[in-house]
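# Overview (structure and organization)
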Amino acid sequence: MSDSSPITSLQVHVSLGDRSYDVQVGDGLLDHLGETASLVLNGRTRAAVVTESQVGPLYAERALESLRAAGVDPVLITVPEGEASKALGVVEKVCSPMAAARLYRKSFVVALGGGVIGDLGGFCAAIYQRGIPYLQVPTTVLSQVDSSVGGKTGANLPEAKNMVGCFHQPAAVLADTATLQTLGKREWNEGFAEIIKHACIRDAAMVPHLEKVAERKSHLPELIRRNIAIKARIVEEDEYETKGLRSLLNFGHTLGHAIEAAAGYGGMLHGEAIALGLRAAAWLSTRVAGLAEADARRVEQLLAAFDLPLVLPDRFATDDLLGIAASDKKFEHGKVRFVLLRSLGEAFVSHEVTREH
Ligand code: NAD
Ligand code: GLY
């Protein structure tokens, strides 16, 4: 049922000139989707709500109702849940119904779901009629703290993750923290892989805080706001990842993405693969970048506190993973760009990591 009473929300402004937007964080924001659309996309009255088979039945009706109450005529497009939907074939399955519903350049997209839908829906918005606006309504911890902010959209290829896509900033992000209550334990925990990544690269003070919150005891909206702010500040300084700063967000992702691709998309949750990549990158940092072993152990213990995997399952061969990493975007002139830590909170991009490490 819709409740459009005023709610208390936290806000992070992402300052990118004419692509600036606000991220709202708080319980119940889904029922304010229509109001937000009216505010930031004034005059646009047609929309596609793109969602997936697990999130749609839980939250799509409230999203549609809120849009209708604001005078928007929405069409609902639902794809199967899971990473396999971040594929070019599914892009067509979203864009065709948009065309059939006669969405035009003054329409917009709402991406309602986790990171898969955010990336896919955002990409469809970026390319439909050469680009229409979209709103992110992230419903996982991972998508609220990371993927809904920063405008990276796209799809996977069988060869490697996120190989096609473009930058397309959302017009607004509504992170309704109440939607996180329906997440399964695994999906809840995987989001903390990206939070631990943020702590490692930019916010060492978050580490002791996270050590206390492993059991859902923290006030989540504030933790989510803190993480969005870390990402927002990086994106503001290096929106298109050309200055080396945004690359720091790839800490743990060189191996993590390779593991995800090797597992077959959906074989392992994104955050779980990233956890394996974070652990490997932390220990590599002790050998190559002077990170104290006690700090690598602390990262490992933090991952374990959120029940994230620490050991690569036997079915993965290291050589296969390195082969996949070599076809990743992070591979330059025969060397993998690897993000390493000098200390907790201090990351840098190394070009010196070789297969032998
Ligand atoms: P996801 O979207 O697949 O969601 C994980 C699972 O949770 C799915 O089964 C989904 O159906 C379920 N779910 C989602 N919301 C729910 C809810 N509120 N209640 C119950 N179940 C719910 O995966 P994710 O972990 O959110 O995102 C991973 C994706 O994000 C990957 O494709 C990754 O590459 C991408 N990503 C993108 C960026 C970026 O900057 N664009 C950053 C990080 C990750
Ligand atoms: N998740 C990496 C980035 O947004 O740059």
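Small disclaimer: the values here were computed from a predicted structure and weren't measured.

Membership of the largest hydrophobic core comes to 63 residues, with the highest contact counts inside it found for Val23, Phe192, Ile196 and Leu210. Per element, the largest residue contribution to this core is 9 residues, and it comes from helix α8 (residues 220-237). Every residue in contact with Phe192, bar those within four places of it in the chain, is listed here: Val141, Leu210, Val213, Leu220, Leu223, Phe306 and Leu308.

Summarising burial for strand β5 (residues 108-113): 6 of the 6 residues are buried, a large majority. Across the two faces of β5 the burial is the same, with Phe108, Val110 and Leu112 and Val109, Ala111 and Gly113 all buried. Bridging between strand β3 (residues 46-52) and β5 involves 4 bridges; their strand directions are parallel. Its bridge partner lying in β5, Ala48 is registered against Val109.

Let us now look at the site of ligand 1. Near ligand 1 you find 28 residues, and of these Glu52, Glu81, Thr140, Lys161 and Glu190 are the closest. The side chain of Lys231 places a nitrogen or oxygen atom 3.2 Å from an oxygen atom of ligand 1. Relative to its unbound accessible surface of 870 Å², ligand 1 loses 94% to contact with the protein. Considered class by class, the residues forming the shell around ligand 1 number 6 nonpolar, 10 polar and 12 charged.

This next bit is on helix α7 (residues 206-213). Three or more residues of α7 are buried, namely Met206, Val207, Leu210 and Val213. All buried residues of α7 lie within an arc of 125 degrees about the axis, which places them on one face of the element. Tucked into the core, α7 has its buried residues touching α6 (185-202), α8 and α11 (293-305).

In the vicinity of ligand 2, the contacting residues are Asp146, Lys152, Lys231, Glu241, Arg246 and Leu249. Within the contact set of ligand 2, an oxygen atom lies 2.9 Å away from a side-chain nitrogen or oxygen of Lys152. Lys231 places a polar side-chain atom, nitrogen or oxygen, 2.6 Å from an oxygen atom of ligand 2. When ligand 2 is considered free in solution it has 200 Å² of accessible area, and contact with the protein chains removes 88% of it. Looking at the shell around ligand 2 residue by residue, the classes come out as 1 nonpolar, no polar and 5 charged.

Now for the environment of Gly266. Here Gly266 is to be found in the loop between α9 (253-263) and α10 (270-288). On the accessibility criterion, Gly266 (52% relative accessible area) is exposed.

Once that is clear, we can look at the pattern of salt bridges. Two side chains that carry opposite charge are able to pair once their charged atoms sit near each other. One pass over the full model with this rule turns up 22 salt bridges. The partner of Lys197 in a salt bridge is Asp146, with the nearest N and O atoms 3.0 Å apart. With Lys197 in helix α6 and Asp146 in helix α5 (residues 141-147), this residue pair connects regions lying 51 residues apart in the sequence. On the basis of relative accessibility, which here comes to 1%, the residue Lys197 falls in the buried class. Linking Lys231 and Asp146 is a salt bridge whose minimum nitrogen-to-oxygen distance equals 2.7 Å. Remark: Asp146 occurs in helix α5 and Lys231 occurs in helix α8; sequence separation between them is 85 residues. The structure contains a network of salt bridges with shared partners spanning Glu83, Lys86, Asp119, Lys161 and Glu260.

In a packed pair of helices, the relevant descriptors are the angle between the two axes and the axis-to-axis distance. Between α6 and α8, the shortest axis-to-axis distance is 11 Å and the interhelical angle comes to 55 degrees. The angle between α6 and α8 places the two elements in the oblique class. Judged by the sense of rotation from one axis to the other, the crossing of α6 with α8 is left-handed. Where α6 abuts α8, its residues Trp188, Phe192, Ile195, His198, Ile201 and Arg202 lie against Leu220, Leu223, Asn227, Ile230, Lys231, Ile234 and Glu237. Here the residues of the contact of α6 with α8 sort into 8 nonpolar, 2 polar and 3 charged.

Even without glycine at this site, Asn162 takes up a positive phi of about 50 degrees. Positive phi outside glycine occurs at Asp307, with the angle close to 55 degrees. Here Asp307 shows up in the loop between α11 and α12 (318-326). A residue is classified by how much of its surface remains accessible, and Asp307, at 58% relative accessible area, is exposed.

Glancing now at the packing of aromatic side chains. In this structure the tally under the stated criterion is 3 aromatic pairs. Plain terms: the ring middles of Phe167 and Tyr240 are 5.1 Å apart, the flat faces sit at 90 degrees to each other, and that makes the pair edge-to-face. Taken together, the residues span a long stretch of sequence, with Phe167 in strand β8 (residues 164-167) and Tyr240 in the loop between α8 and α9 at a distance of 73 residues. In this structure Tyr240 comes out as partly exposed when scored by relative accessible area, which is 42%. Seen from their ring centres, Trp188 and Phe192 are 6.0 Å apart, and the 40 degrees between their planes marks the pair as tilted. Pair noted here: Trp188 and Phe192 are both in helix α6, with a separation of 4 residues, about one helical turn. Note that Arg342 overlies the ring of Phe348, its terminal NZ or CZ placed 4.0 Å from the centroid.

Scoring rules and cut-offs
- Residues numbered from 1 in each chain as written.
- Chains lettered and ligands numbered in written order.
- Predicted model: local features only at pLDDT ≥ 70, side-chain atom pairs only at ≥ 80, totals over all residues.
- Heavy atoms only, no water.
- Core = buried A, V, L, I, M, F, W, Y, C linked by side-chain atoms within 4.5 Å.
- Buried < 20%, exposed > 50% of the residue type's maximum accessible area, 1.4 Å probe, protein only.
- Helix = DSSP H or I, 4+ residues; strand = E, 2+ residues; numbered from the N terminus.
- Contact = heavy atoms within 4.5 Å.
- Pairing = 2+ DSSP bridges.
- Near = heavy atom within 4 Å.
- Polar contact = N/O pair within 3.5 Å; in protein donor to acceptor, adjacent residues only side chain to side chain.
- Areas by Shrake-Rupley, 256 points an atom, 1.4 Å probe, with all protein chains shown as cover.
- Nonpolar A, V, L, I, M, F, W, Y, C, P; charged D, E, K, R; others polar.
- Arc of directions from axis to C-beta.
- Salt bridge = Lys/Arg side-chain N within 4 Å of Asp/Glu carboxyl O.
- Axes fitted to C-alpha atoms, helices over the stretch in contact; angles between N-to-C directions.
- Parallel < 35°, antiparallel > 145°, perpendicular 65-115°, else oblique.
- Left-handed = near helix turned anticlockwise from the far one by under 90°.
- Phe/Tyr/Trp six-rings, centres within 6.5 Å; stacked < 30°, edge-to-face > 60°.
- Lys NZ or Arg CZ within 6 Å of the ring centre and 35° of its normal.

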